[in-house]
Structures are given as structure tokens and as C-alpha cells.
Amino acid sequence: MTHPHDVLFKTLADPTRRAIFERLCREGDQTVKALTEHAGISQPAVSKHLGVLKRAGLVVDRQDGRQTHYSPQLDALAPLTDWTDRMARFWERRFDDLEDLLKRMDN
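Quantities reported herein were computed from a predicted structural model and do not represent experimental measurements.

(A) Quick peek at the environment of Lys54. When you line up the elements, Lys54 lands in helix 4 (residues 43–55). By relative accessible area, which is 40% here, Lys54 ends up partly exposed. Remark: the alpha-carbon pair of Lys54 and Ser71, spanning 17 residues in sequence, is separated by 9.7 Å. For Lys54, the side chain forms a polar contact with the side chain of Asp61, separated by 3.0 Å.

(B) Geometry of the pattern of salt bridges. Evaluation of the coordinates by the stated rule reveals 4 salt bridges. A salt bridge links Arg23 to Glu27, with the nearest nitrogen and oxygen atoms 3.3 Å apart. Of the two residues, Arg23 and Glu27 are both situated in helix 2 (residues 15–27); the distance of 4 residues between them amounts to about one turn of the helix. The exposure class of Arg23 is buried, given its relative accessible area of 12%.

(C) Looking closely at the packing of helix 1 (residues 4–12) against helix 5 (residues 78–106). Interaxial distance between helix 1 and helix 5 falls to 8 Å at its minimum, and their mutual angle equals 105 degrees. Our classification of the angle between helix 1 and helix 5 gives roughly perpendicular. Contact residues: Pro4, His5, Leu8, Phe9 and Leu12 in helix 1; Pro79, Leu80, Trp83 and Arg86 in helix 5. When grouped by side-chain class, the residues that make up the contact of helix 1 with helix 5 number 7 nonpolar, 1 polar and 1 charged.

(D) Region of the structure containing the side chain of Thr68. Within the secondary structure, Thr68 sits in strand 3 (residues 67–72). On the accessibility criterion, Thr68 (16% relative accessible area) is buried. A distance of 2.4 Å separates polar atoms of two side chains, one belonging to Thr68 and the other to Gln63.

Cut-offs applied
Residues numbered from 1 in each chain as written. Predicted model: local features only at pLDDT ≥ 70, side-chain atom pairs only at ≥ 80, totals over all residues. Heavy atoms only, no water. Helix = DSSP H or I, 4+ residues; strand = E, 2+ residues; numbered from the N terminus. Buried < 20%, exposed > 50% of the residue type's maximum accessible area, 1.4 Å probe, protein only. Polar contact = N/O pair within 3.5 Å; in protein donor to acceptor, adjacent residues only side chain to side chain. Salt bridge = Lys/Arg side-chain N within 4 Å of Asp/Glu carboxyl O. Axes fitted to C-alpha atoms, helices over the stretch in contact; angles between N-to-C directions. Parallel < 35°, antiparallel > 145°, perpendicular 65-115°, else oblique. Contact = heavy atoms within 4.5 Å. Nonpolar A, V, L, I, M, F, W, Y, C, P; charged D, E, K, R; others polar.

Dropping the structure here:
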């Protein structure tokens, strides 16, 4: 069974996809042409990465004449942020337990 955060981790593991997503987050709505100019890869490669981001729910597209614009969907990161929050709480409890153990050992 695939968890939503697994899809996000896999999608964002690719540095080019991550860079495209980060650019959209920083600068907002972008055309494929604008994204290609800064990606350092071909337009078909950018389009392929955008397709993967779209399937993961991280971006949405809209047509404006002959151009396609992409926008980030920040709420799609919720499963990832939920997972990292759970992991942070887990490790904080572990470190608290370790600290308690070390204090007992010192006595």
C-alpha cells in the first residue's frame, strides 16, 4: 500500500523536479517556456517532469491560448509535513527518554 507521503518523497527525490517545484513556489505561476529557460534541460524534459509533479498533485496546469501555465499546490505537501512532524515528535520523545536515563545513571 502506497502512502501519500511516499509519492511525494519519490516525486521530490529528483533534483530537477524539486528545483522546478521550488521555482514555482518562489515565483508563482510559470509557463513551460519560462521554466525551461532556467532548468538547463530541454522543453520535453521539463514537460515530463511537470507531468510527474502534476500526477503527484504538486502542480496544476491551465491553458492560456497556446501556452500552458503551471502553479504550485502547496496544500499537496500536507502528507509530507504531517509525516515529518510525527517523526520529529518521535525523536524528541526518544531524546527525552535518553536524557532521563543519563540523569538516572549519573545519580
